[in-house]
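# Architecture and fold: a report
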Amino acid sequence: FVSESDLDWRPVLDAWLNDRPEAQAGMLKAFFDKYLGFCTGPKEYGVLFLWLQRHTTETMKTSRIGDIQSMFRLLEGLLGRADLSESQADVDGELERLVLFSITWALAGRLEPDDRKRFDAYLRTVTDNVPSLEGHAEGTSIYEFTVNLETMEWETWSPPGWDYPKVEVDFSTLLVPTVDSTRACFLIDIIHKQKLPVLMIGGSGTAKTSTAQIFFDSLNPEHMLLKKVNFSFATTSGMFQLGIEGELDK
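Residues numbered from 1 in each chain as written. Predicted model: local features only at pLDDT ≥ 70, side-chain atom pairs only at ≥ 80, totals over all residues. Heavy atoms only, no water.

With that settled, the discussion passes to the pattern of salt bridges. Tallied over the entire structure, the rule returns 15 salt bridges. With a closest N to O distance of 2.5 Å, aspartate 189 and arginine 81 form a salt bridge. Here the residue aspartate 189 occupies a position in helix α8 (residues 179–192), and arginine 81 occupies one in helix α5 (residues 64–81), the gap between them amounting to 108 residues. Given the relative accessible area of 34%, arginine 81 is considered partly exposed. A salt bridge links arginine 183 to aspartate 180, with the shortest nitrogen-to-oxygen separation between them at 2.4 Å. Of the two residues, arginine 183 and aspartate 180 are both situated in helix α8; the distance of 3 residues between them amounts to about one turn of the helix. (Salt bridge = Lys/Arg side-chain N within 4 Å of Asp/Glu carboxyl O. Helix = DSSP H or I, 4+ residues; strand = E, 2+ residues; numbered from the N terminus. Buried < 20%, exposed > 50% of the residue type's maximum accessible area, 1.4 Å probe, protein only.)

Structural data, given as structure tokens:
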């Protein structure tokens, strides 16, 4: 065991790169060097982390190694779905867009709106491979765009079509997809398909529960069982364990 305070995040990323196909690993390493910078230890941990620390305030503090792991897990999920071009020249730009998307959400996804604008402006000083803001409303940033995994080009997020139920329903129970919920559900699905845990954070009233319910409703009930557990100050680890085990059969 080596403490993260000795080596920081670079060995973790290098270990992941060693498991990637050789053709991809070289390009991905070049992009990480370009955007993250070089990490030589806990005092020199890369230009991007230093910039975020100096110019932004995260809503929740996390470790740099945790951020890096989130980044390559998100990227790995995207690569598993992406329809990459057979042309090496095109693949270079496509991989770069996936890397930028992963960095944006894994390293800078916990920023408030004003800091997100600063981050978007910073990215535009280091690369041209970001979505064009021409024709979009003022305040639009890279956070309003995703990479279409078929065309491998930037496109704006858009919620799926939704029809009002034809039967009588309780209006307060309706879950209408929005850009925010569509974006969150996409990120959750990328991580969930890898059988990894997901934590949503945000203040009260920011639709965390509704977003989770929209995602759960998209799962196939024949292959996935759902167990909801409410936590409070009185919840103990034993109570949680019993709640889970009570749903299982030997």
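A separate point is the nonpolar core. By size, the foremost hydrophobic cluster in this structure holds 54 residues, and its most contacted members are Leu13, Phe32, Leu36, Phe101 and Phe119. Secondary-structure elements contributing two or more residues to this core are α2 (10–18), α3 (22–35), α4 (47–55), α5, α6 (88–107), α7 (113–126), β1 (145–147) and α8. In terms of residue count, the dominant contributor to this core is α6 (10 residues). Apart from residues lying up to four places away in sequence, phenylalanine 119 is in contact with Leu48, Trp51, Leu52, Ile103, Thr104, Ala108, Leu111 and Tyr143. (Core = buried A, V, L, I, M, F, W, Y, C linked by side-chain atoms within 4.5 Å. Contact = heavy atoms within 4.5 Å.)

At aspartate 8, a residue that is not glycine, the phi angle is positive and equals roughly 60°. If you trace the backbone, aspartate 8 turns up in the loop between α1 (4–7) and α2. With a phi angle near 70°, alanine 207 is a residue other than glycine that sits in the positive phi range. You can see alanine 207 is positioned in the loop between α8 and α9 (208–217).

Looking now at the packing of α5 against α8. Running from N to C, α5 and α8 point in directions that differ by 90°, and their axes come no closer than 9 Å. With respect to their mutual orientation, α5 and α8 come out roughly perpendicular. Side by side, α5 and α8 meet where Arg73, Leu74, Gly77, Leu78 and Arg81 of the first sit next to Phe186, Leu187, Asp189, Ile190 and Ile191 of the second. In terms of residue class, the contact of α5 with α8 is built from 6 nonpolar, 1 polar and 3 charged. (Axes fitted to C-alpha atoms, helices over the stretch in contact; angles between N-to-C directions. Parallel < 35°, antiparallel > 145°, perpendicular 65-115°, else oblique. Nonpolar A, V, L, I, M, F, W, Y, C, P; charged D, E, K, R; others polar.)

Before going further, it helps to examine the layout of surface pockets. In this structure, the largest pocket spans a volume of roughly 1,600 Å³. Lining of the largest pocket is provided by 48 residues; of these, Trp105, Gly109, Leu199, Met200 and Ile201 occupy positions nearest its centre. Contributions of two or more residues to the lining of the largest pocket are made by α5, α6, α7, α8 and α9. When residues of the lining of the largest pocket are assigned to their parent elements, the largest contribution, 7 residues, is made by α8. Split into classes, the residues belonging to the lining of the largest pocket amount to 22 nonpolar, 16 polar and 10 charged. Taken as a whole, the second largest pocket spans an internal volume of roughly 830 Å³. (1 Å grid on protein atoms, 1.4 Å probe; cavity = no way out; pocket = protein on both sides within 12 Å on 5 of 7 lines; lining within 4 Å. Points joined across faces, edges and corners; volume = space filled by probe spheres on them.)

Within the secondary structure, threonine 56 is located in the loop between α4 and α5. Separated by 52 residues in sequence, threonine 56 and alanine 108 have C-alpha atoms that sit 9.2 Å apart. Contact partners of threonine 56, with chain neighbours within four places excluded, come to Trp51, Leu111 and Asp115. Among the polar contacts listed, one links the side chain of threonine 56 to the backbone oxygen of leucine 52, at a separation of 2.5 Å. (Polar contact = N/O pair within 3.5 Å; in protein donor to acceptor, adjacent residues only side chain to side chain.)

Put simply, the chain has an average pLDDT of 90, and 99% of its residues get 70 or more. Per-element confidence in the chain ranges from a low mean pLDDT of 79 for α1 to a high of 96 for β1. (pLDDT = per-residue confidence, 0-100.)

Evaluated as defined, the whole model comprises 12 aromatic pairs. Relative to tyrosine 143, the ring of phenylalanine 119 lies with its centre 6.3 Å away and its plane at 55°, an arrangement referred to as tilted. With phenylalanine 119 in helix α7 and tyrosine 143 in the loop between α7 and β1, this residue pair connects regions lying 24 residues apart in the sequence. Judged on exposure class, the residue phenylalanine 119 and its partner tyrosine 143 are both buried. With a centroid separation of 5.3 Å and 40° between ring planes, the pair formed by phenylalanine 231 and phenylalanine 240 is classed as tilted. Accessibility expressed as a relative area gives 36% for phenylalanine 240, which makes it partly exposed. Among the aromatic residues, those joined into a ring-pair cluster are Trp51, Trp105, Phe119, Tyr122 and Tyr143. Against the face of tyrosine 45 rests arginine 64, its NZ or CZ located 3.8 Å from the ring centre. The side chain of arginine 116 reaches across the aromatic face of tyrosine 143, ending 4.4 Å from its centre. (Phe/Tyr/Trp six-rings, centres within 6.5 Å; stacked < 30°, edge-to-face > 60°. Lys NZ or Arg CZ within 6 Å of the ring centre and 35° of its normal.)

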